[in-house]
Every structure is written in C-alpha cells, then in structure tokens.
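The chain contents come next:
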Number of protein chains: 2
Amino acid sequence: MSPYDPSAFPPFAVTVDLVVLTVRRHALCALVVRRGEAPFQGRWALPGGFVRADEDLAAAAARELVEETGLCVHDPGSPEPDNGAHLEQLATYGDPKRDPRMRVVSVAHLALAPDLPAPKAGGDANSARWAPVETLMSQEGSGREDEPPAPLAFDHAQILADGVERARSKIEYSSLATAFCPPEFTVGELRRVYEAVWGVALDPRNFHRKVTGTPGFLVPAGGTTTRQGGRPAQLFRAGGATLLNPPMLRPEV
Amino acid sequence: MSPYDPSAFPPFAVTVDLVVLTVRRHALCALVVRRGEAPFQGRWALPGGFVRADEDLAAAAARELVEETGLCVHDPGSPEPDNGAHLEQLATYGDPKRDPRMRVVSVAHLALAPDLPAPKAGGDANSARWAPVETLMSQEGSGREDEPPAPLAFDHAQILADGVERARSKIEYSSLATAFCPPEFTVGELRRVYEAVWGVALDPRNFHRKVTGTPGFLVPAGGTTTRQGGRPAQLFRAGGATLLNPPMLRPEV
DNA sequence: AGAATAGTGTCTATGAGACAGTATGAG
DNA sequence: CTCATACTGTCTCATAGACACTATTCT
C-alpha cells in the first residue's frame, strides 16, 4: 500500500476543545461544562465538539465559542473594539485511548475573554460555569461544596494545564493580557489581570511605568474612571503593538 | 443529532508532516522530499504520512523521522547523549481544501537535528534532500540549477514558515540550539548555529561570556578541538538547563 | 481625617553591547 | 612571520526592582 493512497486510511473523528479563560474576582477562571452523557457522565469537561465536514479548524473553534459563550472572535484586521475574544490554536491531542468510544483527535484552542456576566448553557451540555483554574488543576478539587471538583473528563486536565501555561507565558512578551480586559480599562485593572494570571503581586508603580512607557502598547482613551475607588484613573485601550519588547518579567526567582 | 454521537461524525484522514531543520554550511536547511505521485507530482514537499490506527501522534512523527533520516528521537529522560533529534508538535493544519483528494488534517511536528551526512531516500518518496530554508521560503526559488525551487506542495510553505519561526524564537529562551550540534561542541560552533538560524552576526566575545556564564547551560566535556582552526577551543555538552534566563537576545532593532 | 488608588521621581544592581587586548594553534 | 579563532577584561548605557513622595477621590 502506498502511504498516500487516499482510499486506504484509518478513519478518525476530529474535534475542537476549548480552553476559555477569563479573570473573575481576581482569579483566573476557565469555562467548563457538565457532561450529560457517557462516557464521564456528570463530570466536568472543556467545551468542544466535532469539526464539520467542510469547516476549517479555526472556524469550528469560533463556532463552539459562540455556542458556549456568545462571544464573537475578534478579527485582528478590524479596527473597532468589539468585545470579541482572542482565539488561537493551542495543541492537538491524539492518544489512541483518550476517548474510550473511538479514535478521536482533538485540536485544542485557547480563548481569552473579558469578564462575562454568566455563561449560558449550550445545547449540548447540561450546564456551564466558570471555575477557578486553581481548583480545576488541583488533584483533589476544592473542599467547598459549590465548586466543580477535579478531575476533568478525558485528558482535559492536561489540555487545561497546557492552555493556562500558554496564557501565562504569552502575556509576558505580547499585549495579550488586554484580551482579558473590557475595551477600555485602567492600568490598575490591567495589572490585576497579570496578578491573577500569574498568581503574584506586582509593584503598581513599576508596572505603571513599564506599560505606559512601552510605545504602542496602550493608547489613552480620553476619560477617567473611579470604579476601583481612590484617585480617578486614566482609561486606555489596547494599542496596535502586539509584541512587548522588552517583555514583562514574571517574578519567580 | 447529538454532537457527541460517536456513530455520526464526518471521517477525516490524519497525517503528520515534519519540518526537519539542521544547520549545514552556515545555513539553516530543511528536509524536503520529491513527490512521486499526484497531486503535486514532481514537486518538493515536507516528509510525512498517515497516522496509523493505533498510533499516538508523537509516535507517528518519530516513526516518520526515522524512516526519512534514520534519526532516533532523543528521550529527554535518558542521560546518555545519543545523537537523537529534538521533536515537538508544531501546529495542526485542517483547511478543508488543503488536499484536493479528501479531507486531511495534518499535525505538523518540528524536528531539530545535528548536521547529517546525507538524507537517505525513504520508501515513499523518490528522493530527499536538504535545502536552505531561505531558498524554500522565497517566492521564486533560487536561480541556481541544483536547488529545489519553490513553491512546496500543499500548504507546506506555510508549515515550513511556522516551523522556522518556532525554531528562531525558541532558541532565544531555551537551550534548544544545542539540538543542532553534535554531542560535544565548542562555543564557537554553538554561536554559528545561532548565526545561521537567525541570519545575523553575533559578537563572539559577548556570546562566549553569555553562554558560559549561564549556569547549567553548558558543561565542560573535558577536551579541546581545533577543527575550526585557530586556538584550540574547549569542548562542551548540553547541560541540564532547558530554559535560558535571561534569554539570548536576537539582535534586530 | 483616613483609606485607597493613581501617578512621578530617584537610587541601585544587573546585564547587554561595544571593543581593547592576550592566548594558542595552523600555514 | 601572519592569520584565524578562543577567551578575558573593561567601559557605558538601558532597565528592572525597590521605594519615597505627591495627587485625587470616597467614606
């Protein structure tokens, strides 16, 4: 058999799974859905679904994101700051035994979204909710009654860990942290995003000097807000610069 | 239809494609094979093949790498420095029209190898060769008769570009450049790897101070060599450190 | 007034980049 | 000898981190 014979190939199912991250109440949270059917019935899982026959992978991921959150994907070309999310491919998971029913290859995607009111349950899941990644990634689950316990279904714990690590490293050298913020935000709000994603405290003064001193990162939006209390803070929106050079340093030495 | 019904899914073929990079004669080169059959018959393409029914994605990539180059994949756990290559997943390409015959999702992998004598032709390709990425990535191909012309088959030009970009950025903050070197190498040889991959000239003295001053990056192997001419240089092997902090800065501002 | 957050200035340690100068081989 | 490469040392400039200080709001 020629390895390129198109009539002799093992059939695979291809899905997209989504790691949707947001920052809620100073904590990095991921969107999880409760599975309504076997396998792993009743367990929490990442949202996802089959790629359709004539659908690109990115389109499938964007479709699932809309179905689960109502978020539209931000088009990098369009100038207007819709409240769309950032979406990028994460990695592909294809262990032959990752789904007990059949051979499924899942192309995981990472989405970063600003804080949303509440997730709406999609048609293909009993319920959906935001859960702190700290809870989801701990072996035991939290002791609290109202939090979803680990472990996630399938290999979703690994996918989530990879997505969180991608987000944590990517905000170092890119302006991606603004994807967690509303269209207009203050320096303090952006700093709290970094602190929530990295789980560390940053010096507010050095942070302010760093982000306002990087050309193209932030552009003044013209107003001020006092929604955090204290002295009114200038509002910014994300500038055109996507790469941060020199990068924001993650304190951890 | 439930989107999770395992009996109702569109069938996909899943392949792995390989971006195999090495440094030959001060140039970053990629392994390409000439296609022996339609589509794109006679054109150059990245090596690759179908994932088998019970095979993990990484295993399929490692199998293809052995078939094409004879290189075994370096197991990060084993201490002995076999001349294995570095292998990692790159990205997945699934445009519905990327293969005119059928729906094929390709999980591309990136392999970094030391300089090899000559590629052996695999069973599923007429011929294989190393080609400078500069030639492969230019629109026109080189004017020289003995070089493979662009463009590559399928979407392999995009995959190659993504692989090259991954390699270029990853040697900044990791010790991955040593994957291009033989088990024992000199500081100058490692510098020439950086220069070839980035296409820039680096100050030999500052480079030497940087790499020898980073703990765990290089460990002395005990001997010296004079294979580059000039004063004999100390031989090193790659140390245990995989992350470079602070990173090697790519001069380009 | 006191608390909280925003924003500026100043000092210091670290490291990158530039480059002088010495060491040791091949021809 | 010259030439090529290896390696060390020194200077300067940029910047991260620490932190004093002022500004402006709310309760």
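What counts and how
Residues numbered from 1 in each chain as written. Chains lettered and ligands numbered in written order. Predicted model: local features only at pLDDT ≥ 70, side-chain atom pairs only at ≥ 80, totals over all residues. Heavy atoms only, no water. Near = heavy atom within 4 Å. Polar contact = N/O pair within 3.5 Å; in protein donor to acceptor, adjacent residues only side chain to side chain. Helix = DSSP H or I, 4+ residues; strand = E, 2+ residues; numbered from the N terminus. Buried < 20%, exposed > 50% of the residue type's maximum accessible area, 1.4 Å probe, protein only. Pairing = 2+ DSSP bridges. Phe/Tyr/Trp six-rings, centres within 6.5 Å; stacked < 30°, edge-to-face > 60°. Contact = heavy atoms within 4.5 Å. Buried area = accessible area lost by both parts, 1.4 Å probe. Nonpolar A, V, L, I, M, F, W, Y, C, P; charged D, E, K, R; others polar.

Caption draft 1: Just the protein's contact with DNA strand D, in detail. Taken together, 23 residues surround DNA strand D, and among them Arg 205, Asn 206, Lys 210 and Arg 231 of chain A together with Gln 234 of chain B come closest. Take the atoms of DNA strand D that sit within 4 Å of the protein: sugar and phosphate atoms are 54% of them. A distance of 3.1 Å separates a base nitrogen of DNA strand D from a polar side-chain atom of Arg 205 of chain A. Between a base nitrogen of DNA strand D and a side-chain N or O atom of Arg 231 of chain A, the distance comes to 3.3 Å. Elements supplying a minimum of two residues to the surface near DNA strand D: helix H5 (204-213) of chain A together with helix H4 (187-198), helix H5 (204-213) and strand S9 (233-238) of chain B. Element by element, the count of residues in the surface near DNA strand D is highest for H5 of chain A, at four residues.

Caption draft 2: Up close: the pairing of strand S1 (residues 13-24) of chain B. Residue and element names in this part refer to chain B. Within S1, 12 of the 12 residues are buried, leaving the element largely enclosed by the surrounding structure. Both faces of S1 are covered, namely the face carrying Ala 13, Thr 15, Asp 17, Val 19, Leu 21 and Val 23 and the face carrying Val 14, Val 16, Leu 18, Val 20, Thr 22 and Arg 24. Relative to strand S6 (residues 104-112), S1 runs parallel, the two sharing nine bridges. Pairing of Thr 15 across the sheet is with Ser 106, part of S6. Note: S1 against strand S4 (residues 48-50), three bridges, orientation antiparallel. Bridge assignment links Thr 15 to a residue of S4, and that residue is Phe 50. As judged from the four bridges shared by S1 and strand S2 (residues 27-34), these two strands associate in the antiparallel manner. Opposite Val 23, over in S2, you have Leu 28 as the bridge partner. Once S1 ends, the chain turns through two residues before running back antiparallel as S2, passing Arg 25 with a positive phi of about 50°.

Caption draft 3: Structural view of the packing of aromatic side chains. Counting across every chain of the model gives eight aromatic pairs over all chains. Grouping aromatic residues by their ring pairs yields a cluster made of Tyr 194, Trp 198 and Phe 207 of chain A.

Caption draft 4: Structural context of the interface of chain B and chain A. Taken together, the contact pairs 37 residues of chain B with 36 residues of chain A. For the pair chain B and chain A, the summed buried surface comes to about 3200 Å²; carbon and sulfur atoms form 60% of the total. Our count for the contact surface shared by chain B and chain A stands at 10 residue pairs in polar contact (both at pLDDT 80 or more). Within the residue set of the side of chain B that touches chain A, elements represented by two or more residues are S1, S4, strand S5 (86-93) and S6 of chain B. Residue contributions to the side of chain B that touches chain A peak at four residues, all from S5 of chain B. Along the lines of polarity and charge, the residues of the side of chain B that touches chain A split into 19 nonpolar, six polar and 12 charged.

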